[in-house]
There are 2 protein chains.
Amino acid sequence: MPVDSVPPEQKAQIANAVRAALAEHGYARLTTKKVAAESDKSEAGLYYYYDSKDEMIVAFLETSEDYLARSLHDIDAEGPEARLRAVCDILLVDEGDAAAAGVNIAVMELLSHAPHNETLREPLLRMERHTLGVIADIVRDGVEQGVFREVDPEGTAAFVLSATDGYTGFALALGMEGVGDDLRASLSAYIDSLLVVA
Amino acid sequence: MPVDSVPPEQKAQIANAVRAALAEHGYARLTTKKVAAESDKSEAGLYYYYDSKDEMIVAFLETSEDYLARSLHDIDAEGPEARLRAVCDILLVDEGDAAAAGVNIAVMELLSHAPHNETLREPLLRMERHTLGVIADIVRDGVEQGVFREVDPEGTAAFVLSATDGYTGFALALGMEGVGDDLRASLSAYIDSLLVVA
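Identification of chain A as Transcription regulator from Haloferax volcanii is taken from an unreviewed UniProt entry.

K.L.:
An account of the nonpolar core is needed here, citing residue identities and associated values.
P.N.:
Across soluble globular proteins, nonpolar side chains have a tendency to be buried as a group. Ranked by internal contacts, the top residues of the largest apolar core, which has 142 residues, are A:Phe60, A:Leu124, B:Phe60 and B:Leu124. Setting aside chain neighbours within four positions, we find B:Leu124 in contact with A:Leu174, B:Leu61, B:Val107, B:Leu110, B:Leu111 and B:Ala114.

K.L.:
Could you give me a rundown of the interface of chain A and chain B, with the residues and numbers involved?
P.N.:
Contacts between chain A and chain B engage 44 residues on the former and 44 residues on the latter. Sorting the residues of chain A by area buried against chain B places A:Phe159, A:Phe170 and A:Leu174 first, and these three jointly supply 19% of that buried surface. Taken together, the connections running from chain A to chain B amount to 0 salt bridges. At the junction of chain A and chain B, the tally comes to 14 residue pairs in polar contact (both at pLDDT 80 or more). If you list the elements that add at least two residues to the side of chain A that touches chain B, you get α1 (8–25), α6 (98–113), α7 (118–144), α8 (153–173) and α9 (179–194) of chain A. Element by element, the count of residues in the side of chain A that touches chain B is highest for α8(A), at 14 residues. For the side of chain A that touches chain B, the per-class residue count stands at 22 nonpolar, 12 polar and 10 charged.

K.L.:
Which residues make up helix α7 (residues 118–144) of chain B, and what values go with them?
P.N.:
The end-to-end C-alpha distance of α7(B), which contains 27 residues, comes to 38 Å, matching closely the 39 Å that a straight helix rising 1.5 Å per residue would cover. Its side-chain oxygen placed 3.1 Å from the backbone nitrogen of B:Thr119, B:Asn117 serves as the N-cap of α7(B).

K.L.:
Account for the packing of aromatic side chains, with residues named and values stated.
P.N.:
A full pass over the atoms with the stated rule returns 8 aromatic pairs over all chains. Ring plane angle 55° and centroid distance 5.1 Å describe the contact between A:Phe159 and B:Phe159, whose orientation is recorded as tilted. In this pair, A:Phe159 sits in helix α8 while B:Phe159 sits in helix α8 (residues 153–173), so the two residues belong to two different chains. Ring geometry for A:Tyr190 versus B:Phe159: centroids 5.5 Å apart, planes at 50°, classification tilted. Placement of the pair is A:Tyr190 in helix α9 and B:Phe159 in helix α8, with the two residues belonging to separate chains. B:Phe159 sits in the buried class, given a relative accessible area of 0%. The ring of A:Tyr27 is capped by A:Lys53, whose NZ or CZ atom sits 5.0 Å from the centre of that ring.

Conventions we followed
Residues numbered from 1 in each chain as written. Chains lettered and ligands numbered in written order. Predicted model: local features only at pLDDT ≥ 70, side-chain atom pairs only at ≥ 80, totals over all residues. Heavy atoms only, no water. Core = buried A, V, L, I, M, F, W, Y, C linked by side-chain atoms within 4.5 Å. Buried < 20%, exposed > 50% of the residue type's maximum accessible area, 1.4 Å probe, protein only. Contact = heavy atoms within 4.5 Å. Buried area = accessible area lost by both parts, 1.4 Å probe. Salt bridge = Lys/Arg side-chain N within 4 Å of Asp/Glu carboxyl O. Polar contact = N/O pair within 3.5 Å; in protein donor to acceptor, adjacent residues only side chain to side chain. Helix = DSSP H or I, 4+ residues; strand = E, 2+ residues; numbered from the N terminus. Nonpolar A, V, L, I, M, F, W, Y, C, P; charged D, E, K, R; others polar. Expected span 1.5 Å × (residues − 1). Phe/Tyr/Trp six-rings, centres within 6.5 Å; stacked < 30°, edge-to-face > 60°. Lys NZ or Arg CZ within 6 Å of the ring centre and 35° of its normal.

Right, dumping it as structure tokens:
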């Protein structure tokens, strides 16, 4: 079936099964059989909608992208400083949340395949660009409102996103104890350093 | 052969071949045949020294760890500020250097396998801990000498290492243009913000 024709509820169900299977097994060991095990569908049922494992992963990435975009959009905090802190809270998943950590580690693995795999590269690029744009907009608002110093919005966004992405590798994948809390505190101190001192 | 008994020059040669093969193919598609193609050894010649592909990768990681440790140790810059900037220059490889970018992307892929693969996890953990320690020592020196503000050395190190690790995913693996320069500038501004203002 052309991927654009997959009914949204089927796409969402399959994306959920891919998420659960990726969190547990990672990408290299992922099989459509393992995706089917997390789903109410058989392997044949999955292939009715998607032609390949990578297409199922793209369905997961697009669903994640929508979910992340909605989470970022729905942030309840007011003002650029509180919004920037809220974004960081969303991006730095809790080490104790095994499922969320597994998903982030799997996304890091997918990123490592991006140079060799155009199918995966496009949705990953869209997701990173979107998140970068959301952070840059918050920083730009903050500079315009005089809350933040005259920092470069794009550069600051790249720095924050890099730091939260990098956390996945050494705090989540390696399980280095205490590093997550250290990083959270330093990221918070970094945000302090962006503030205009009254 | 027990891995500790592999002669150093053989280990170095095999580690080099693994590095070249990983940079080109990544981990998932790596075979000992591809390692042999980058080496003056046959596959049988590789297996004479190491029992598995992962053991050859550990030889590469240990060699990289030594190399990175030496590079960090040999930094020529004087004073904590210049030393911290030099570390960042070492950790942020040039996007234009395809071989170095490929190696960093492959190490990110290896990190994503760490939760499932004890053999890979140990040397990766050692490498990250060592680098974290080097950065923390520089920051601690800087605080003691009154060059840096009273920041937490471990937290600051975690933040810097996270940011440089995260750069691999979105600037190197996705090839997002301009992001590397943005990040370099913001990391440099971050180091400025650590300085005690005279």
